[in-house]
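For reference, the chains in residue letters:
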Amino acid sequence: MVVLGGAALVGKGLIGSEGAAATFLAGSTAAASPTGPSPEELAKIERAKRVKALDAALKKYAGTVPGFAVAVLDKKTGDLYAFRGDQQFRTASVVKVQVLACLLLTAQDAGRKLTADEDAKAKLMIRNSDNAATTALFTELGKQSAIQACDKRLGLRHTVVNSAWGLTQTTVTDQVKLLSQLVAADSPIKARGRAYAHTLMSTVNPAQRWGVPAAARAGEEFTVKNGWLPRMSTSDLWIVNSVGRITGDDVDVSIAVLSHGHQSQEAGEAVIEKAVKLTRSHLKY
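By the naming in an unreviewed UniProt entry, the protein chain goes by Beta-lactamase class A catalytic domain-containing protein and is assigned to Actinoplanes ianthinogenes.

Below is the structure:
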C-alpha cells in the first residue's frame, strides 16, 4: 500500500443487513447481524489518521527550517510514506550507496568476487565517506552512464547521475527504493552482495552515525550513509542528507531524508533528526 502525504481519510460506517426489523419464523427469532469494518479496513483507517497527523506535523516544521523531504518504507507492511516525495535534491555522499550497489552488480555480472582493491576502496567509501576512493570506483565502473544503468536495474526512476557524482539528483522515494533493494530477496543484487552492503553500512565511522540512527531505540540495529556538502555560492548552502535502515523485534524500515539550504552541517543534521523522529512518533513503527 502506498500512502503519500496529503492522504484523504474515508471511513465506512456500520451497515446493517437488508431489513433492520426482526423476522419471526416458526417461533424462532432471526435478527439481522450488523457488520462493520474488517481488521484490514480498520488498519487502513488508523494508518490514514497517522499519515494525516504526520503530514500536518512535517508541514508545520517545514515552515520553520530550510527545505527537506523524508520517506519511510516499512518492509513488514509494504507501506510507503513520503513527504515531498517527488522533489529532487542533490545527493552529496549518499550517492556512494548507488556506487556500491553498482560495484556489486558489476562483479556479480562477471561471476566474480570483489577484488582486494575494490574491497578496500568500498570500505573506505562507505565507512569513512572517502571521496578519493569513491572517485576511483566511479571512474573504474564507467562513470555516470554506468551508475545510471545500474540505477535503472534497481528501479530508481527519478535519479539523474552527474559526472560530478556528489551533484547527482534524486528523490527520497528513489532512495528508500534503493535501500529496499539492499535487503529484498528478489533484488537484482544477490544475497552475498546484500550482506556485504549491510556489513559496511552498519559499521560506519562513529562520527558519522547521525541522521537516521537518531530514531533507533535501545536494542535496535541500524545501517546508515550520510552526505554533507557545502555549496555556499548557491542557494543550496549546505546539503545534508541521511539514508539508512532501522531493524528490531517488531520494526524493519528504510528511511531517507534529503535537505539543503542550511547555514552549517550541524544545522542540517538537526533538521534531519527532527524529521526522522517525527515519522517514528506518528507512524508508530
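Trainee: I would appreciate a short explanation of the overall build of the protein chain in the present structure.
Mentor: When helices and strands are tallied, the protein chain shows eight helices and 10 strands. Across the 285 residues of the protein chain, 47% fall into the buried class. Put simply, 65% of the contacts in the protein chain that link residues at least 6 apart link residues at least 24 apart. For the protein chain, the accessible area works out to roughly 13600 Å², and carbon and sulfur atoms hold 54% of it.

Trainee: How should the pairing of strand E9 (residues 237-248) be read in this particular structure?
Mentor: Across a regular strand the side chains alternate sides, sitting on one face of the sheet and then on the other. Within E9, 11 of the 12 residues are buried, leaving the element largely enclosed by the surrounding structure. Pairing geometry for strand E8 (residues 221-231) and E9, over 11 bridges, is antiparallel. Looking across to E9, one finds that Asn-226 is bridged to Ser-242.

Trainee: So what exactly am I meant to see when it comes to the pattern of salt bridges here?
Mentor: Pairs may arise between side chains of opposite charge once their charged atoms sit close together. Under the defined criterion, the tally for this structure stands at 11 salt bridges. For Arg-112, the salt bridge goes to Glu-118, with nearest N and O atoms at 2.9 Å. Accessibility expressed as a relative area gives 31% for Arg-112, which makes it partly exposed. One network of salt bridges, in which partners are shared, links Asp-117, Lys-121 and Glu-140.

Trainee: Help me out: how do you make sense of helix H8 (residues 265-283) in this one?
Mentor: Since the α-helix turns once every 3.6 residues, residues separated by three or four places project in the same direction. The first and last C-alpha atoms of H8 sit 27 Å apart over 19 residues, in line with the 27 Å expected at 1.5 Å per residue. Looking only at H8, the buried set comprises Gln-265, Gly-268, Glu-269, Val-271, Ile-272, Ala-275, Val-276, Leu-278, Thr-279, Arg-280 and Leu-283. Note on H8: the residue one or two positions beyond its end, Lys-284, has a positive phi of about 60 degrees.

Trainee: Please explain the packing of helix H3 (residues 116-127) against helix H4 (residues 131-141) as it appears in this structure.
Mentor: Angle between the axes and distance between the axes are the two parameters that describe a pair of packed helices. Between H3 and H4, the shortest axis-to-axis distance is 8 Å and the interhelical angle comes to 130 degrees. Here H3 lies oblique to H4, going by the angle between them. For the pair H3 and H4, the crossing hand works out as left-handed. Two secondary-structure elements touch here, H3 through Asp-117, Glu-118, Lys-121, Ala-122, Leu-124 and Met-125 and H4 through Ala-133, Thr-134, Ala-136, Leu-137 and Glu-140. Classifying every residue of the contact of H3 with H4 by side-chain character gives six nonpolar, one polar and four charged.

Trainee: Even after reading the chapter, I still don't get the state of the cysteines, so can you show me in this structure?
Mentor: One way to say it: the disulfide is the covalent bond shared by the sulfur atoms of two cysteines. Summed over the entire model, instances satisfying the criterion amount to one disulfide. A sulfur-sulfur distance of 2.2 Å marks the disulfide that ties Cys-102 to Cys-150. On the sign convention where negative is left-handed, the bridge of Cys-102 and Cys-150, at about 55 degrees about the S-S bond, is right-handed. Taken together, the residues span a long stretch of sequence, with Cys-102 in helix H2 (residues 95-109) and Cys-150 in helix H5 (residues 143-153) at a distance of 48 residues. Given the relative accessible area of 6%, Cys-150 is considered buried.

Trainee: I would appreciate a short explanation of the packing of aromatic side chains in the present structure.
Mentor: The geometry of an aromatic ring pair is captured by the separation of the ring centres together with the interplanar angle, meaning the angle of the planes. Enumeration according to the criterion identifies three aromatic pairs in this entry. Ring pairing ties together the aromatic residues Tyr-61, Phe-68 and Phe-83, which thus form one cluster. The lysine or arginine in question, Arg-84, covers the ring of Phe-68, its NZ or CZ lying 5.8 Å from the ring centre.

Trainee: Mind showing me how you'd approach the packing of H2 against helix H7 (residues 191-201) here?
Mentor: At a minimum axis distance of 10 Å, the contact between H2 and H7 shows a crossing angle of 150 degrees. By the angle class used here, H2 and H7 are roughly antiparallel. The handedness of the crossing between H2 and H7 is right-handed. In this structure, H2 uses Val-97, Leu-100 and Leu-104 to contact H7, whose residues at the interface are Gly-193, Tyr-196, Ala-197, Leu-200 and Met-201. Tallied by class, residues from the contact of H2 with H7 come to seven nonpolar, one polar and no charged.

Trainee: Help me out: how do you make sense of the environment of Val-95 in this one?
Mentor: By secondary structure assignment, the location of Val-95 is in helix H2. Val-95 sits in the buried class, given a relative accessible area of 1%. Taking the C-alpha atoms as reference points, Val-95 and Thr-170, separated by 75 residues in sequence, lie 9.0 Å from one another. Once you skip the residues sitting within four places of it in the chain, Val-95 turns out to touch Trp-165 and Thr-168.

Trainee: Explain unusual backbone geometry here, please?
Mentor: Apart from glycine, the bulk of residues carry a negative phi angle, and the bulk of peptide bonds sit in the trans form. Of note, Lys-143 is a non-glycine position whose phi angle comes to about 60 degrees, a positive value. Secondary-structure assignment places Lys-143 in helix H5. Accessibility expressed as a relative area gives 43% for Lys-143, which makes it partly exposed. The phi dihedral of Lys-284 falls on the positive side, at around 60 degrees, and the residue is not glycine. Mapped onto the elements of the fold, Lys-284 is located in the segment after H8. Residue class for Lys-284 comes out exposed when judged on its relative accessible area of 55%.

Quick notes on the rules
- Residues numbered from 1 in each chain as written.
- Predicted model: local features only at pLDDT ≥ 70, side-chain atom pairs only at ≥ 80, totals over all residues.
- Heavy atoms only, no water.
- Helix = DSSP H or I, 4+ residues; strand = E, 2+ residues; numbered from the N terminus.
- Buried < 20%, exposed > 50% of the residue type's maximum accessible area, 1.4 Å probe, protein only.
- Contact = heavy atoms within 4.5 Å.
- Areas by Shrake-Rupley, 256 points an atom, 1.4 Å probe, with all protein chains shown as cover.
- Pairing = 2+ DSSP bridges.
- Salt bridge = Lys/Arg side-chain N within 4 Å of Asp/Glu carboxyl O.
- Expected span 1.5 Å × (residues − 1).
- Axes fitted to C-alpha atoms, helices over the stretch in contact; angles between N-to-C directions.
- Parallel < 35°, antiparallel > 145°, perpendicular 65-115°, else oblique.
- Left-handed = near helix turned anticlockwise from the far one by under 90°.
- Nonpolar A, V, L, I, M, F, W, Y, C, P; charged D, E, K, R; others polar.
- Disulfide = S-S within 2.5 Å.
- Phe/Tyr/Trp six-rings, centres within 6.5 Å; stacked < 30°, edge-to-face > 60°.
- Lys NZ or Arg CZ within 6 Å of the ring centre and 35° of its normal.

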